[in-house]
Each structure stands twice: as structure tokens, then as C-alpha cells.
Amino acid sequence: MKKISLLLLFVSGILALQSCKKDDETGGGDNNGGTPSGNATVMFEVQSVDENEEGLDLGKVYVTPTGDSVTFDYIRYWISNIEFVKEDGSSWKEEKSYRLMEKTQSKNREEFSVTVPAGKYKSLRFGIGVDQARNSSIDSVAGELDVTAGMSWTWNTGYIFMKNEGTFYNSDSMAYTDWKYHLGTDANYKTVTLDFPMTQEFTDGSKFMAHVVYMALNIFSKPNDMDLKANPVLMVGPADQTAKAADNYAEAFELHHFKKQ
Amino acid sequence: MRLTGVFLLLILAGACSHRPDNPLFVFPAGPYDSVPQPDYNPATEKGVALGKKLFFDPILSADGKVSCATCHLPSLAFTDGQALTRRGVSGEPLLRHAPALFNLAWYDGFFWDGGSKNLESQVFGPLIHPDEMGVDLKQLMEKLNRHPEYPTLFAEVWGTDTINSQRLARTMAQYERTLLSFSSPYDKWKAGEYELPEQALRGYDVYRSHCSGCHPEPWFTDFGYHNNAIDTAFTNTTHELTYFGRYRITNDSVDIGRYKTPSLRNLGFTAPYMHDGRFADMDAVFKHYFRDHTANTGADSLLKQGSYAMTGEAEREALYVFLMQLNDTAFTRNP
């Protein structure tokens, strides 16, 4: 993966900070110049990483903060409803914004691009999973959302938001046994907001790189310690356990860097 | 009435918009003179016809041998006469009884525990279940899109010949909402077109005293979920808590052992009974209900009210005669 400095500094960004503090796009925006026109492109790289922010290796044994030795067979989850938040708090939201992130033995899909209207933005926001409006029926087809993705429950209508499986060392059986976290349900739809280091001006034709890391091991421990031996399989429920795991993955995303290309 | 080949007029309730020139389904005036349907999937004549074709087409299964109708036979009110059928692609028995399919448009939960929230979502359950139709949905879409006939038929319904999961599900749901059963002798009696036999009238009184709490007219179901005390212990936690009834959907302990109330319509076609088909006939059903359930702490309170010791064989027989007046042969012969 690319190693790039956290700070992104470019002239237009500085100009943006200087020229428009707040509120310049609220209340009609009839100052001068009007609304910027055109579109920028934001390339996303959303990478599953280990605790050292190195790319996660499927099948490799990692030790969680709670002392469990675990492996991952695969990770699949939805990134949905991508938004770019402006300085005034308003935002631009992508339509039909559903993308399936996959890290499996046969597929590594963690990159995509979003076309965003020109403007000055301060942060990025997205959901993990599928919002309630579409989660009430699995016949939705929007963006990449489709029941054929194998990320839904037919017996309990709804999409699987985060699906990952692997093995862990079970001290009872003294062997590696399976864990399966298939997480979803409306209560566990999480929104992640990642602030840019500084306000960014998206001009027509400009390109940006957003490198987002997903710290996959955090699902076991941050902020909630999960007991793999007691609950190796989470599937729809138990609700108290899935809520803890969902809180964990909601806090597992970080903006490694956001840089103009 | 019913779908005698021609669709009738569908008068929609306020919340459900529908194009007024659309095909309709025939059924009598009364408390059920409209068919609810989601405004994003209003039935059309061509949609219903295509949904029906799909329902009976084994192309939807992994081995090309099992259709929806394999386990949902029209002649048996869309059941298959088996307790736990083995007619799926694997030959393995299912864990629950194939339910009857009629008057589905009024339900807000499907499967015995109501876990599926709408017909458009329910469609995928049997399609992908390894012991039912066992199909890979991606492969199925590819197969349907390559089919010599289906792309054209879908284009007539959806305006595009690209078949996707959504169009498949919505098409089938349109057909399933047309499975209306309101033409039994009971319905004709209510409409003043038929006189119930004396014994059936007595049976109607028995029904109202003992059954209507969970099986109210005119649907003969309250669309709810009840623990009817057929199980006393819940210890089998396998299969994602399948044996715990609705609890596995709600995670609420009050729902342990609760299952959806089936309609009493068409009982003459839908044996065996209960969510697992454990009762072979109505005698077995009566033997279960007509006893004191107060010892079963999980039993629904409706079961505990009053004495359930029936006064006699004559009342049971009368009840049976009445219930058979709910058999809708017009429906089973020509759904």
C-alpha cells in the first residue's frame, strides 16, 4: 500500500481556509461567484489492516488485545451512503451509494471512486451496512446492493452488514475452532465520520485519494471485549453481543490520509 | 369468482396506490374487497402471468427439477400433504411444514415465525435454501437472462429485458398476492347465497366460543403469533433457534414457542397440521386443543381461559362440519 504523509497541503486548500471560514455557503450563497461548478473525483482505498496498520493477511495468526489467537478467512461489508460534509455542516450525499468491500481468498475489492460536486469539504461520512429504509426488504437493487451478493438473511429479512469468519485458538478443545460474525439489523447500522486534516477545496476536474484503513482486529476488543469462546458465532443475534461487535467495527475505521493527486 | 382466467378489479385501499386500469382479481364485496400491495410493486396482468409461470417453472432450482409448486400444490391449497417434505433438491427433510398459500397480501410476516417481512423478500428464502431449491442466485440470473423466452417476458412487465433479483422477486410476489381464497360455502353463507347445514351452524357457535380468539373472521387468523402449547420444553438450540419459534426473530423470551396463526380456511386440503406437521388430521388437532392447558406455563393466555374440556363428541363433530365449510374448492381447482 501507499505510504503517504497524513497531511495534505495544497494551495487551494490553504486558499480555502483563508477565504472562507464558515457560513459562506449557507443562507442562499449569493455572495459572489455563486456555487462552484463541476466535479471532483475521490479515489477510495479502503484497506483491512492489522494492529500495526499493515495489510491484513488472511489465514495468518494474530493476537488480539484480549489475548485470543485468531485468523481471518474473509471480510466482507457494505460501505453505504457516502457523504462529503461541507464547512457549514451541510453535505453532499451520493445516491444509491452501496458498495461491497471484500477481502477474500479470491477477491480483494477495496478500491472505488466517487464523483463529488465541486465545493469546500471538511470531512467524509459513510455508513457500515444498509440503512433502515432499504434494510426492510432484501429485493433492493441499488448501487452494488443486491441479494445475489450473498450478504443478506432470507429467514430474517435484512442485509448482513459485516460478515467475517475465521478461526481462534480454543483453550477448551486446545485447537483452532471457527468463529463467525455475521452482523446486521437496523440497530447496528453505524455511521462513520472521518475529518480531513484541513478543509479541502474540490475544484472541477481535481482528483483526491482517500486512504481509509479498517483495523480488522478491533472487532474483538475496541471498545468492547468480545468473548470468542463463549460466543463464537454471532448471526443476527444475540442482540447484546452483536451490538458490542458493531460498536467495535464502527470505531475501527480511520482516515490514514486524504491527498490531492 | 376467483381467478377464473380473467382478472377482476382490484380496488385498492388508500395507502396502496394502483393504476386504475389494471388487472384485478375477482372477489366478493365485503370486509376484504381490496388487496393490499406495496406501492413500489403494483400488480399488472402481465406481471401476475409471468409470476405464475415462474412459480411453476423448475428452472428456478439448482437441479432444474423443483419448482415452487413442487411443495405448494394448488390442489392442496398450496401445501404438499407432507409433514416435513423431502421434495427439495437435496431430498433432506425440511425443519418446518410447507405452509398453505392464500390471502398472503394481508400478512406482514412470512414463514412460521414471521421472520420474512414481505413477499418480495420471502421469495429468496426457498430459492437459496439447500434443502429446498438450492439455487445460486447469481447463476440463476445468468440462466434466466440467457433463456430464450424469459428476457422478452420480463421486458413486457418491466420495460427492460435485463432480469435481476429485484424484478424476479417482485414478479413472483405479484402472482402470490393473487392467491385469494374467499369462495368457500362459509363465504357464500355470509353473502346470503347459501344456507349452512344445521350441524355446521352449531359448529359455528363452537368455533366462536373456542377458536375465534386466534382465528377471527373473515381471515380465520389474527395474523399474530401464539404459543399453542404443543411443546413444553425448548432445549434444541440448533439451526439458528428454529425450534424456538418467533423468539429467534425477536430475541424476546415471550416469543419462545410462538408461531404464526394459520388460517382455518381450507383445512380440508392442508393436513397435516401445525408448523411441523405433527398432527396428521383434525382429530389429533382437536385432541390437543380440547384439554386443559393450564399446566403449560408457556401456553398462550387465550388457551387458558375457561375450561377447555369440551362437553362432548357432538360439539367436536359440529365444529368439524363447520370448519369444512371453509374449504374453497373454487380456489384449489383454479387458483
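Residues numbered from 1 in each chain as written. Chains lettered and ligands numbered in written order. Predicted model: local features only at pLDDT ≥ 70, side-chain atom pairs only at ≥ 80, totals over all residues.

Structural notes on the overall build of chain A
As a reminder, the rule being used: Numbering of helices and strands runs from the N terminus; a helix is a DSSP stretch of H or I covering at least four residues, while a strand is a stretch of E covering at least two. With C-beta atoms placed from the backbone, the exposure class of a residue follows from how many other C-beta atoms lie within 10 Å of its own: 20 or more, buried; 12 or fewer, exposed; in between, partly exposed. We call two residues in contact when the distance between their C-beta atoms, placed using the backbone, is within 7 Å.
Broken down by element type, chain A carries 3 helices and 15 strands. Across the 261 residues of chain A, 39% fall into the buried class. Taking the intrachain contacts of chain A between residues at least 6 apart in sequence as the baseline, contacts between residues at least 24 apart amount to 77%.

A short note on the overall build of chain B
Assigned secondary structure in chain B consists of 15 helices and 2 strands. A buried classification covers 43% of the 335 residues belonging to chain B. Considering only contacts in chain B between residues 6 or more positions apart, those separated by 24 or more positions represent 62%.

A few points about the interface of chain A and chain B
How big an interface is tends to be stated in terms of the accessible area lost upon association of its parts. What counts here: Each residue is assigned to one of three groups, with Ala, Val, Leu, Ile, Met, Phe, Trp, Tyr, Cys and Pro labelled nonpolar, Asp, Glu, Lys and Arg labelled charged, and all others, Gly among them, labelled polar.
Contact residues are listed per partner, giving 17 residues for chain A and 21 residues for chain B. Class assignment of the residues belonging to the side of chain A that touches chain B gives a composition of 7 nonpolar, 8 polar and 2 charged.

Some thoughts on the sheet that holds strand β1 (residues 39–49) of chain A
In a beta sheet, neighbouring strands pair by backbone hydrogen bonds and run either parallel or antiparallel. Residue and element names in this part refer to chain A. We count it as follows: DSSP-based pairing: two strands are paired if at least 2 bridges between them are found. Angles here are taken between N-to-C directions and fall from 0 to 180 degrees, while the axes themselves are lines fitted to C-alpha atoms, restricted in helices to the stretch in contact.
Taken in spatial order, the 4 strands make up an open sheet running β7-β1-β13-β15, and their pairing is mixed. One side of each edge strand has no neighbouring strand; the edge strands of this open sheet are β7 (111–117) and β15 (253–260). With strand direction ignored, the average angle separating the axes of adjacent strands in the sheet is 25 degrees.

Brief notes about the nonpolar core
Under the convention used in this document: Each nonpolar core comprises buried Ala, Val, Leu, Ile, Met, Phe, Trp, Tyr and Cys residues, the members being joined through C-beta atoms within 7 Å.
Ranked by internal contacts, the top residues of the largest apolar core, which has 89 residues, are Trp78(A), Phe161(A), Leu183(A), Ala216(A), Ile219(A), Ala245(A) and Met172(B). In terms of residue count, strand β3 (residues 69–86) of chain A provides more of this core than any other element does, 8 residues in total.

So, the confidence of the model for chain A
Here is the rule: For every residue, the predictor assigns a confidence score, pLDDT, that lies between 0 and 100.
Counting all residues, the mean pLDDT for chain A is 88, and 87% of those residues have values of 70 or more. Ignoring residues within four places in sequence, the model shows residues 1–33 of chain A, a span with pLDDT below 50, making 39 contacts including any to other chains.

Here we look at unusual backbone geometry
Here the amide bond leading from Gly237(A) into Pro238(A) is cis, since omega sits at 0 degrees, within 30 degrees of zero. Here Pro238(A) shows up in the loop between β14 (233–235) and α3 (239–250). Here the amide bond leading from Glu217(B) into Pro218(B) is cis, since omega sits at -5 degrees, within 30 degrees of zero. Mapping Pro218(B) onto the fold places it in the loop between α9 (198–210) and β1 (225–226).

A closer look at the environment of Ala149(A)
Mapped onto the fold, Ala149(A) is located in the loop between α2 (132–135) and β9 (152–153). Once the C-alpha coordinates of Ala149(A) and Leu100(A) are considered, the two residues, 49 residues apart in sequence, prove to be 8.2 Å apart.

Some thoughts on the confidence of the model for chain B
All names here are of chain B. When pLDDT is averaged along chain B, the result is 88, and 87% of the positions lie at 70 or above. Across residues 1–25, where pLDDT falls below 50, the model places 55 contacts with residues more than four positions away in sequence or in other chains. Low confidence marks residues 27–32, where pLDDT is under 50. Its contacts with residues over four positions away, or in another chain, come to 12 contacts. Scored by ipTM, the complex comes to 0.87, with pTM at 0.86.

Overview of helix α7 (residues 165–176) of chain B
Residues and elements named next belong to chain B. Keep this limit in mind: Helices are assigned an expected span. That span is 1.5 Å times one less than the residue count.
With 12 residues, α7 should reach 16 Å at 1.5 Å per residue; the first-to-last C-alpha distance of 16 Å fits that figure. The element α7 is extensively covered by neighbouring structure, given that 12 of its 12 residues are classed as buried. The secondary structure elements touched by the buried residues of α7 are α1 (45–55), α3 (119–122), α4 (124–128), α5 (137–146) and α6 (150–158).

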